[in-house]
Amino acid sequence: MNKEPVKVVLWEENQKDFLKKFYDLQFTPRVGEEVYLKKERWKVTRVEHDLEISEINVYMELIKKAKQDKSSNS
């Protein structure tokens, strides 16, 4: 029995192009989890499984970095 590899595609929410593709990832990120990708932190917003073509689409949004207030250190 030959098992087809599962493709995991990471997408930026509301964008047409994918960020990264993986095959047979050991763990699939879940909704609400944070992922470190391309030197930035992302939060998973939704996960869609397409069983017919062995694909998992993971949609994420970039976590905005909080600006540090330098005036409070004076």
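Residues numbered from 1 in each chain as written. Predicted model: local features only at pLDDT ≥ 70, side-chain atom pairs only at ≥ 80, totals over all residues. Heavy atoms only, no water.

Right, let's talk about the nonpolar core for a bit. Formed by Val-8, Leu-10, Leu-19, Val-35, Leu-37, Trp-42, Val-44, Ile-56, Val-58 and Met-60, the largest nonpolar core amounts to ten residues. Every element with two or more residues in this core is listed here: strand 1 (7–12), strand 3 (34–37), strand 4 (40–50) and strand 5 (55–62). Broken down by element, the residue count for this core peaks at three residues, all from strand 5. (Core = buried A, V, L, I, M, F, W, Y, C linked by side-chain atoms within 4.5 Å. Buried < 20%, exposed > 50% of the residue type's maximum accessible area, 1.4 Å probe, protein only. Helix = DSSP H or I, 4+ residues; strand = E, 2+ residues; numbered from the N terminus.)

This part covers the sheet that holds strand 4. Reading across the sheet, the five strands line up as 2-1-5-4-3 and stay open at both edges, with mixed pairing between neighbours. Each having just a single partner strand, strand 2 (18–23) and strand 3 make up the two edges of the open sheet. Within this sheet the neighbouring strands show an average axis-to-axis angle of 35°, counted without direction. Two elements, strand 1 and strand 5, share six bridges in a ladder whose sense is parallel. Among the inter-strand pairings, Trp-11 is bridged to a residue of strand 5, identified as Tyr-59. (Pairing = 2+ DSSP bridges. Axes fitted to C-alpha atoms, helices over the stretch in contact; angles between N-to-C directions.)

Although it is not a glycine, Asn-14 adopts a positive phi angle of roughly 65°. Mapped onto the elements, Asn-14 comes out in the loop between strand 1 and strand 2. Even without glycine at this site, Lys-38 takes up a positive phi of about 55°. Inspection of the secondary structure puts Lys-38 in the loop between strand 3 and strand 4. Of the residues examined, Lys-38 reaches a relative accessible area of 52% and is grouped as exposed.

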